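Letter by letter, the chains look like this.
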Amino acid sequence: MAYPDTGWQELVSAAQSARLRARAAFSGFQVGAALLDGQGGIHTGCNIENASYGLTVCAERVALWKAISEGAGGFSRLVVVADAATLTPPCGACRQLIWEFCGDIPILLADLKGRCALERSGQLLPRAFDAGSLR
Ligand code: THU
């Protein structure tokens, strides 16, 4: 499918560029992410693996932590780019954090062949546990 509107192209390009910086020596699976903030700023991330395996951080979380640590907020769109047989959705841990820090936003899954699919964080994590659950 074509990107849902022209606003996504810049984010897809940013995620593709970030993906090239992935440190994926153990899985060989490179992922890039790009997050749009409320000011129109773009924050990117790539997956970063290390020899302990378990300390790996996904591209989505790198983008999110970079953005939040720089004072960004009001996130409205996220793109995830990989190059696999099927489009790559965020893992469960990332779904939780996207929901908590971005709310119900559109997430475009894209690859290097121009394939893409539009999801929403709320669809990817139904009946989420979040701050509202602690009341
Ligand atoms: N990975 C991501 O960065 N984002 C995803 O959405 C799925 C998985 C990374 C983690 C690990 O470095 C590699 O892909 C294989 O799981």
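Structure shown above.
Here we summarise the structure given alongside this text.

Rules behind the numbers
In every chain, residue numbers begin from 1 and rise along the written sequence. Only residues with pLDDT of at least 70 get local features here, since the model is predicted, and only at 80 or more are side-chain atom pairs given and counted; chain-wide, interface and lining totals rely on the full set of residues. Think of the side-chain values as coming from all heavy atoms in the structure, minus any hydrogens and water. Any two strands with at least two DSSP-identified bridges between them are counted as paired. Helix and strand labels come from DSSP, where a helix needs a run of H or I of at least four residues and a strand needs a run of E of at least two; each type is numbered from the N terminus. Convention adopted: a line fitted to C-alpha atoms gives each axis, helices being fitted over their contacting stretch, and angles between N-to-C directions are expressed from 0 to 180 degrees. Working rule for contacts: check all heavy atoms of both residues, and any pair within 4.5 Å makes them a contact. Take the residue count of a helix, subtract one, and multiply by 1.5 Å to get its expected span. A single heavy atom is enough: if one lies within 4 Å of a molecule or strand, its residue is considered near that molecule or strand. Whenever two N or O atoms come within 3.5 Å, that pair is a polar contact, provided that in protein one can donate a hydrogen and the other can accept it, and provided that, for residues adjacent in sequence, both atoms are side-chain atoms. Note on areas: Shrake-Rupley with a 1.4 Å probe; residue coverage comes only from the protein chains shown. The nonpolar class holds Ala, Val, Leu, Ile, Met, Phe, Trp, Tyr, Cys and Pro. Asp, Glu, Lys and Arg form the charged class, and all remaining residues, Gly among them, are polar. Burial here depends on accessible area, computed with a 1.4 Å probe over protein chains only, as a share of the maximum for the residue type. Under 20% is buried, over 50% is exposed, and the range in between is partly exposed. An angle counts as roughly parallel when it lies under 35 degrees, as roughly antiparallel when it exceeds 145, as roughly perpendicular when it falls between 65 and 115, and as oblique in every other case. In this scheme the crossing of two helices becomes right-handed for a clockwise turn of the near helix relative to the far one and left-handed for an anticlockwise turn of less than a right angle.

**Side note on the sheet that holds strand E4 (residues 106-110)**
Across the sheet, five strands lie side by side as E2-E1-E3-E4-E5; this open sheet has mixed pairing. The open sheet has two free edges, formed respectively by strand E2 (42-46) and strand E5 (116-120), since each of these has just one partner strand. In this sheet, neighbouring strand axes are inclined to one another by 20° on average, regardless of whether the strands run parallel or antiparallel. Where strand E3 (residues 77-81) lies against E4, four bridges are found, and the strand directions are parallel. Residue pairing in the sheet places Val79 in a bridge with Leu108 of E4. Contacting strand E1 (32-36), E2, E3, E4 and E5, helix H1 (residues 7-19) runs over the sheet at an angle of about 45° to E3.

**Considerations on H1**
Between the first and last C-alpha of H1 there are 19 Å, a value that for 13 residues agrees with the 18 Å anticipated at 1.5 Å per step. Contacts from the buried residues of H1 go to E1, E2, E3, E4 and E5.

**Describing the site of the ligand**
Close to the ligand lie 13 residues, the nearest being Asn47, Glu49, Ala59, Glu60 and Pro89. Glu49 places a side-chain nitrogen or oxygen 2.5 Å from an oxygen atom of the ligand. Protein chains bury 80% of the 370 Å² of accessible surface belonging to the ligand in isolation. Among the residues forming the shell around the ligand, the class breakdown is seven nonpolar, four polar and two charged.

**Focus: the pairing of E2**
Counted residue by residue, E2 has four buried out of five residues, so it is predominantly covered. With five bridges joining them, E1 and E2 adopt antiparallel strand pairing. Residue pairing across strands places Ala33 opposite Gly45, the latter belonging to E2. Linking E1 to E2, which pair antiparallel, is a turn of five residues; within it Gly40 sits at a positive phi near 90°.

**A few points about the packing of helix H2 (residues 59-69) against helix H3 (residues 92-102)**
At a minimum axis distance of 10 Å, the contact between H2 and H3 shows a crossing angle of 30°. If you check the angle between H2 and H3, you find them roughly parallel. In this structure, H2 meets H3 at a crossing whose hand is left-handed. The segment H2 lies against H3, with Glu60, Arg61, Leu64, Trp65 and Ile68 engaging Ala93, Cys94, Leu97, Ile98, Phe101 and Cys102. When the residues that make up the contact of H2 with H3 are grouped by side-chain class, the tally is nine nonpolar, no polar and two charged.

**Here's the deal with unusual backbone geometry**
Look at Tyr53: it is not a glycine, yet its phi comes out positive at around 65°. Position of Tyr53 relative to the elements: it lies in the loop between E2 and H2. The class for Tyr53 is exposed, based on a relative accessible area of 56%. Positioned with a positive phi, Arg127 is a non-glycine residue whose angle comes to about 50°. For Arg127, the position within the fold is in the segment after helix H4 (121-124). The exposure class of Arg127 is exposed, given its relative accessible area of 87%.

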